[in-house]
Amino acid sequence: MVTLRIARFNPEDDKGAYWDTFEVPTLPTDRLLNLLLYAKGYLDGTLTFRRSCAHGVCGSDAMRVNGLNRLACKLLMKDMLPKDGKPVTITVEPLKALPVLKDLVVDMEPFFDAHRAIKPYLINSGHEPTRERIQSAHDRARFDDTTKCILCACCTSSCPVYWNEGSYFGPAAFVNAHRFIFDSRDEGAAERLDILNDVDGVWRCRTTFNCTESCPRGIKITQAIAEVKRALLFAR
Ligand code: FES
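Every chain's residues receive numbers from 1 upward, in the order its sequence appears when written. Local features in a predicted model are, by the rule used here, given only for residues with pLDDT of at least 70; side-chain atom pairs are given and counted only at 80 or more, and totals for whole chains, interfaces and linings are based on all residues. In computing side-chain properties, one takes all heavy atoms of the structure into account and sets aside hydrogens as well as water.

**Observations concerning the environment of Lys 148**
And then number 1: Along the chain, Lys 148 turns up in the loop between helix H3 (137-141) and helix H4 (160-164).
And then number 2: Type-normalised accessible area, obtained with a 1.4 Å probe on protein chains alone, sets the label of each residue: buried when under 20%, exposed when over 50%, and partly exposed for intermediate values. Its relative accessible area of 30% is what places Lys 148 among the partly exposed residues.
And then number 3: C-alpha separation for the pair Lys 148 and Arg 217, spaced 69 residues apart in sequence, amounts to 6.5 Å. Numbering goes from the N terminus for both helices and strands, where a helix is a DSSP run of H or I of at least four residues and a strand is a run of E of at least two.

Below, the structure is given as structure tokens:
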């Protein structure tokens, strides 16, 4: 058995925020998401969290687990259970710095506002092509790492600058800007770099590496941010 200690909050009652605990059976092959589904299915149907794909693709079940941002569907219990079989408590909280709507569900709109601000789409002034835009394997490889982002917000909500300054674009926005700035088919790099040069842009990054450590896709986020900073320096 594992004890789940879960941060609860329901805007429709007057209890405010509080901790709730659930005793849940587990196997080393379970993922944290299995335990949450058990708690909701058998112990308390009001427990609220997001999840969809259950395979680390949609990014909807990002949460803080023992203080670190993780996807519940990727966190294997064998990595959480002590080898000596002693009882264990796992603390689960909503992502930090985003408004909590209910229990483990946060409002993602501020996160997506920053995402939209960096124009995360191909900008090209030419005529619409009648066939795909050709790109060499070498040019495609230039931004391959940053195409892996699933917009889970693990990186942005682990960033201490974002905790203090919600207006800061945050690492996920920079990752998605990088994905287009270095795409040889795109013509919007100057426009995006101008946006990222803003007071809420890349220069506020303090290189703490929290983003890189929390990314469930293994994206080298701090390196991507450094590449955007370098592009800004050479663009001027
Ligand atoms: S449920 Fe889709 S990433 Fe975890």
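**Considerations on the packing of aromatic side chains**
Two numbers describe a pair of aromatic rings. These are the distance of the centres and the angle of the planes.
And then number 1: To pair, rings of Phe, Tyr and Trp, with the six-membered ring standing in for Trp, must have centres within 6.5 Å; the planes then decide the type, stacked if under 30 degrees apart, edge-to-face if over 60, and tilted in the middle. A complete count under the given rule lists three aromatic pairs for this structure.
And then number 2: Ring geometry for Tyr 38 against Tyr 42: centres 4.7 Å apart, planes inclined by 40°, an arrangement best described as tilted. Within this pair, Tyr 38 and its partner Tyr 42 are both found in helix H1 (residues 32-43), separated by four residues, close to a single helical turn.
And then number 3: Residue classification places Tyr 38 among the partly exposed residues on the basis of a relative accessible area of 28%.
And then number 4: For the pair Tyr 168 and Phe 174, a centre-to-centre distance of 5.6 Å together with 65° between the ring planes defines the contact as edge-to-face. Here Tyr 168 and Phe 174 have matching classes, each one buried.

**Focus: the pairing of strand S3 (residues 62-65)**
And then number 1: Of the two faces of S3, the one carrying Ala 62 and Arg 64 and the one carrying Met 63 and Val 65 are both buried.
And then number 2: DSSP bridges decide pairing: two strands pair if at least two such bridges lie between them. The sheet contact formed by S3 and strand S4 (residues 68-71) spans four bridges and is antiparallel. Across the sheet, residue Ala 62 finds its bridge partner in S4, namely Leu 71.
And then number 3: The turn linking S3 back onto S4 is made up of two residues, and Asn 66 within it adopts a positive phi angle of 50°.

**Brief notes about the packing of helix H5 (residues 171-181) against helix H6 (residues 189-196)**
And then number 1: Between H5 and H6, whose axes approach to 9 Å, the crossing angle comes to 155°. Considering their axes alone, H5 and H6 lie roughly antiparallel with respect to each other. For the element pair H5 and H6, the recorded crossing hand is left-handed. Contact with H5, carried on its side by Phe 174, Ala 177, Phe 180 and Ile 181, involves Ala 189, Arg 192, Leu 193 and Leu 196 of H6 and no other residues of that element.
And then number 2: Grouping the constituent residues of the contact of H5 with H6 by class yields seven nonpolar, no polar and one charged. Lines fitted to C-alpha atoms define the axes here, with helix axes fitted over just the stretch in contact, and angles between the N-to-C directions of these axes take values from 0 to 180 degrees. Angles below 35 degrees are treated as roughly parallel, those above 145 as roughly antiparallel, those between 65 and 115 as roughly perpendicular, and all remaining angles as oblique. Handedness of each helix crossing follows the sense of rotation of the near helix against the far helix: counterclockwise by less than a right angle gives left-handed, clockwise gives right-handed. We call two residues contacting when some pair of their heavy atoms lies within 4.5 Å. Polarity classes work like this: nonpolar for Ala, Val, Leu, Ile, Met, Phe, Trp, Tyr, Cys and Pro, charged for Asp, Glu, Lys and Arg, and polar for all others, with Gly in that last group.

**Side note on the environment of Asp 198**
And then number 1: Mapped onto the elements, Asp 198 comes out in the loop between H6 and helix H7 (210-214).
And then number 2: Between the C-alpha atom of Asp 198 and that of Thr 130, which follows or precedes it by 68 residues, the distance is 37 Å.
And then number 3: Any N or O atom pair separated by 3.5 Å or less is treated as a polar contact, with the protein-specific requirement of one donor-capable and one acceptor-capable atom, and with residues adjacent in sequence counted only for side-chain atom pairs. At 3.0 Å, the side chain of Asp 198 and the backbone nitrogen of Asp 200 are in polar contact.

**What to know about the domain arrangement of the chain**
And then number 1: What the domain assignment reports for the chain is domain 1 (2-105) and domain 2 (108-235).
And then number 2: What fixes the domain bounds is an automatic or database domain assignment. Computed from C-alpha atoms alone, the centre-to-centre distance between domain 1 and domain 2 is 29 Å.
And then number 3: Between domain 1 and domain 2, the contact holds 15 residues from the first and 15 residues from the second.
And then number 4: By the criterion of area lost to domain 2, the three top residues of domain 1 are Asn 69, Lys 96 and Leu 98, representing 39% of everything that side buries.
And then number 5: Whenever a carboxyl oxygen of Asp or Glu lies within 4 Å of a side-chain nitrogen of Lys or Arg, that contact is scored as a salt bridge. Where domain 1 packs against domain 2, one counts zero salt bridges.
And then number 6: In this assembly, domain 1 and domain 2 are joined by three residue pairs in polar contact (both at pLDDT 80 or more).
And then number 7: For the side of domain 1 that touches domain 2, the leading source of residues is S4, giving three residues.
And then number 8: Its residues assigned to classes, the side of domain 1 that touches domain 2 comprises eight nonpolar, three polar and four charged. As a working definition, buried area equals the accessible area (1.4 Å probe) given up by two parts on being put together, with both sides summed.

**Looking at helix H2 (residues 109-117)**
And then number 1: Phe 111, Ala 114 and His 115 are the residues of H2 that are buried. Buried positions in H2, seen along its axis, are confined to an arc of 100° and lie on one side of it.
And then number 2: Elements that come into contact with the buried residues of H2 comprise H4 and H5.
And then number 3: Remark: Lys 119 follows H2 within two positions and exhibits a positive phi of approximately 55°. By construction, the arc corresponds to the directions joining the helix axis to the C-beta atoms.

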